[in-house]
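Given next are the chains, with one letter for each unit.
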Amino acid sequence: MADYAPERIEDRLFINGEFVPSISGKKFDLYNPATEKLAASVYEAGVEDVDVAVKAAKAAFPAWAALSAAERAGYLNKLADAMEANIDEIGYLEAITMGKPYVGDFMGRLGVQILRFYANKAQDVQGDTSLNTAGSVNLTFRQPFGVCAAIIPWNVPLLMLINKVGPALATGNTLVLKSSEKSPLSSLVVGRLAQEIGLPKGVLNILSGFGRPTGEALAKHMDIRKISFTGSVIAGRAIKKAAAESNLKNVTLELGGKSPLIVFDDADLAKAIPASAFSILANSGQACIASSRVYVHEKIAPAFIEGMKTAMTQMGKAGNPLVAGTQRGPQADKIQFDRVMSFLQKAKDEKLSVALGGDRVGAEGEGYYIEPTILANVPEDSSVMKEEIFGPVVCINTFTDEDEVLRRANDTEYGLYASVFTKDISRALRVAKALEAGSVGVNCTSPTMAIDLPFGGWKQSGDGRELSKYATDYWTELKSVFIAL
Ligand code: NAD
């Protein structure tokens with residue numbers, strides 16, 4: 001990565017197949033979280049830019065929806081090839097905006113693979129037939145909504161974009177996507193690649209901007225029939241409200257988590273410890289699925305905590321995301337850094353036991369780096385146990401009884417990911433069934449996922465599913481057709 005330098009960083013909006021400045025000419029700045037220095041300034045889309053993008057998407061819709069699924073798949077596969085060829089640029093831009101280490105750009109390659117999956121899925125979107133009514137053949141059609149919107153977070157920018165663009169375009173919708181104000185640059189590269197592969201104008205529009213006014217304008221827009229959102233519960237609620245108060249557009253939400261991980265006394269600690277440490281340190285803890293609440297059986301707690309201290313210290317070495325070999329970068333920006341630090345301050349104020357870390361890396365260091373942190377024996381009702389910290393901070397508590405630990409694990413408004421480590425197969429399945437979460441890891445934990453299995457939340461973690469055969473269901477309207485014979 002170190003030898004990569006882009007010729008030019010795109011700063012404009014991608015509307016109707018062209019790059020344009022915002023109508024107001026207003027820009028906002030992005031700072032590199034590793035150096036705290038200005039990384040780029042980009043145009044901010046206002047309400048009027050949203051209108052222009054929606055008009056372009058509306059005009060593009062009939063022709064795009066009329067293409068065969070194979071033709072749409074062809075475009076998406078070309079886009080995946082182009083992303084693969086430009087993975088260094090995407091990795092560089094994510095590193096300088098939100099601090100994701102390049103690490104051979106695993107996420108970029110995974111994203112390309114997922115986009116190819118959605119491209120293939122285009123040709124496997126079907127309705128049903130029914131002969132159950134006498135004198136009729138009945139059918140269902142799955143059809144695109146029309147103009148859709150997507151709003152994505154900053155923590156895995158390319159992957160989040162692909163999980164919206166892939167199924168939206170595969171099913172024949174046109175899209176206006178708003179990237180996160182913390183990481184808009186890699187999305188703009190996708191705009192340029194869409195232009196290069198000849199994606200019809202207006203099919204994909206990419207706007208940079210903040211939740212308000214840009215995201216809100218999308219959520220309220222009367223010509224948008226569906227909005228898919230990934231981000232925090234608070235913004236998800238605002239979007240659902242804006243949809244309800246405008247045209248009741250279809251809303252799907254992929255929200256946060258406070259994922260429990262249960263380690264029974266028969267667990268293979270040689271597997272459980274590195275998996276637990278990686279889960280909370282990957283992406284510097286800025287993952288919706290991070291296993292942030294660990295429940296370890298009392299009998300093995302001392303060995304587990306000692307093992308976690310060693311594993312988190314080794315895995316948690318932080319460095320400049322642009323330097324080859326760096327495994328862990330800083331928090332994404334000052335806001336995120338201050339947020340995590342405020343939780344650590346609360347932990348200190350509440351006199352919680354800090355078994356590891358608990359502070360920024362280096363007293364006056366440059367960059368928004370936070371130490372890998374373990375809080376032990378934390379009261380279940382404290383804010384660090386209840387709220388999403390989004391940093392390299394894990395709470396480790398002990399338990400003795402299966403029913404009791406399940407009750408505590410499920411005592412959360414979130415339900416995104418949960419995990420259990422045990423060698424007892426019956427217990428593993430019993431616990432997997434009892435955990436209230438959209439995904440459960442057995443003898444593994446997040447970020448373990450699979451392209452062909454659905455990903456999404458229970459409870460306040462959301463109501464949508466991405467990946468798998470179910471993903472396209474969320475991007476299509478269902479129509480019943482009754483044919484009297
Ligand atoms: P965020 O909710 O602050 O912002 C997400 C996006 O929403 C951004 O593009 C932002 O500009 C926009 N936004 C904010 N307020 C809005 C409003 N009122 N109307 C319209 N748009 C608005 O979240 P974030 O800090 O970017 O991301 C972190 C959150 O995302 C965490 O809660 C994390 O768990 C969650 N997340 C969930 C998943 C998942 O798949 N479930 C994946 C990644 C991140």
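- Going by the annotation in an unreviewed UniProt entry, the name recorded for the protein is aldehyde dehydrogenase (NAD(+)), with Exophiala bonariae given as the source organism.
- You can read under Catalytic activity (unreviewed entry) in the UniProt record for the protein the words "an aldehyde + NAD(+) + H2O = a carboxylate + NADH + 2 H(+)".

### Quick notes on the pattern of salt bridges
Where charged atoms of side chains with opposite charge meet at close range, the side chains can pair.
Stage number 1. Under the definition given, this model contains 30 salt bridges.
Stage number 2. The shortest N-O distance in the salt bridge between lysine 37 and glutamate 366 comes to 3.7 Å. Of this pair, lysine 37 sits in strand S4 (residues 37-43) while glutamate 366 sits in the loop between strand S14 (353-356) and strand S15 (373-376), and the two are 329 residues apart along the sequence.
Stage number 3. Salt bridges sharing common partners tie together Arg8, Glu10, Asp11, Arg12 and Lys27.

### A closer look at the sheet that holds strand S17 (residues 417-421)
Stage number 1. An order of S14-S15-S16-S13-S12-S17-S18 is seen for the seven strands of this open sheet, with the pairing classed as mixed. Lying at the two open borders of the sheet, with one neighbouring strand each, are S14 and strand S18 (439-442). Neighbour-to-neighbour, the strand axes of this sheet turn through a mean angle of 25°, independent of strand direction.
Stage number 2. Examined bridge by bridge, strand S12 (residues 259-263) and strand S13 (residues 291-297) share five bridges and lie parallel to one another. Residue pairing across strands places leucine 261 opposite valine 294, the latter belonging to S13.
Stage number 3. On the sheet, helix H10 (residues 301-315) packs against S12, S13, S14, S15 and strand S16 (393-399) and is oriented at approximately 170° with respect to S16.

### Topic: the side chain of glutamate 466
Stage number 1. Of note, glutamate 466 is situated in the loop between S18 and strand S19 (476-484).
Stage number 2. A relative accessible area of 6% places glutamate 466 in the buried class.
Stage number 3. For glutamate 466, the side chain forms a polar contact with the side chain of lysine 164, separated by 2.9 Å.
Stage number 4. Those residues in contact with glutamate 466 that sit more than four places away from it in its chain are Tyr118, Asn163, Lys164, Ser228, Thr230, Glu254, Leu453, Pro454, Phe455 and Ala471.

### Let's talk about the packing of aromatic side chains
How two aromatic rings sit relative to each other is given by the distance of their centres and the angle of their planes.
Stage number 1. Per the stated rule, a full pass over the model turns up seven aromatic pairs.
Stage number 2. For the ring pair phenylalanine 117 and tyrosine 118, a centre distance of 5.8 Å and an interplane angle of 65° mean the geometry is edge-to-face.
Stage number 3. By relative accessible area, tyrosine 118 is classed as buried at 1%.
Stage number 4. Geometrically, the ring pair formed by phenylalanine 264 and phenylalanine 399 is edge-to-face, given 5.3 Å between the ring centres and 85° between the ring planes.

### What to know about the site of the ligand
Stage number 1. Taken together, 30 residues are adjacent to the ligand, and Ile152, Glu181, Ser232, Leu255 and Glu388 come closest.
Stage number 2. Separating an oxygen atom of the ligand from a backbone N or O atom of glycine 231 is a distance of 3.4 Å.
Stage number 3. Contacts to the ligand include serine 232, whose side-chain N or O atom sits 2.5 Å from an oxygen atom.
Stage number 4. In isolation the ligand has 840 Å² of accessible area, and contact with the protein removes 90% of it.
Stage number 5. A majority-of-atoms criterion places the ligand in the largest pocket.
Stage number 6. Those elements that place two or more of their residues in the shell around the ligand are helix H7 (211-220), strand S10 (226-230) and helix H8 (233-245).
Stage number 7. The element contributing the most residues to the shell around the ligand is H7, with four residues.
Stage number 8. For the shell around the ligand, the residue count by class is 15 nonpolar, nine polar and six charged.
Stage number 9. Split by domain, the residues of the shell around the ligand number at least three in each of domain 1 (2-255 + 461-484) and domain 2 (260-451).

### Remarks on the UniProt feature "active site" (unreviewed entry) in the protein
Stage number 1. UniProt records the feature "active site" (unreviewed entry) at Glu254, using the numbering of this structure.
Stage number 2. Among the secondary structure elements, glutamate 254 is positioned in strand S11 (residues 250-254).
Stage number 3. With a relative accessible area of 5%, glutamate 254 lands in the buried category.
Stage number 4. Setting aside residues up to four positions removed in sequence, glutamate 254 forms contacts with Lys164, Phe229, Thr230, Gly231, Phe455, Gly456, Gly457, Ser461, Gly464, Arg465 and Glu466.

Parameters at a glance
- Residues numbered from 1 in each chain as written.
- Predicted model: local features only at pLDDT ≥ 70, side-chain atom pairs only at ≥ 80, totals over all residues.
- Heavy atoms only, no water.
- UniProt positions renumbered as here; feature names shortened; annotations may be inferred.
- Salt bridge = Lys/Arg side-chain N within 4 Å of Asp/Glu carboxyl O.
- Helix = DSSP H or I, 4+ residues; strand = E, 2+ residues; numbered from the N terminus.
- Pairing = 2+ DSSP bridges.
- Axes fitted to C-alpha atoms, helices over the stretch in contact; angles between N-to-C directions.
- Contact = heavy atoms within 4.5 Å.
- Buried < 20%, exposed > 50% of the residue type's maximum accessible area, 1.4 Å probe, protein only.
- Polar contact = N/O pair within 3.5 Å; in protein donor to acceptor, adjacent residues only side chain to side chain.
- Phe/Tyr/Trp six-rings, centres within 6.5 Å; stacked < 30°, edge-to-face > 60°.
- Near = heavy atom within 4 Å.
- Areas by Shrake-Rupley, 256 points an atom, 1.4 Å probe, with all protein chains shown as cover.
- 1 Å grid on protein atoms, 1.4 Å probe; cavity = no way out; pocket = protein on both sides within 12 Å on 5 of 7 lines; lining within 4 Å.
- Sits in = over half its atoms within 2 Å of the grid points.
- Nonpolar A, V, L, I, M, F, W, Y, C, P; charged D, E, K, R; others polar.
- Domains from an automatic or database assignment.

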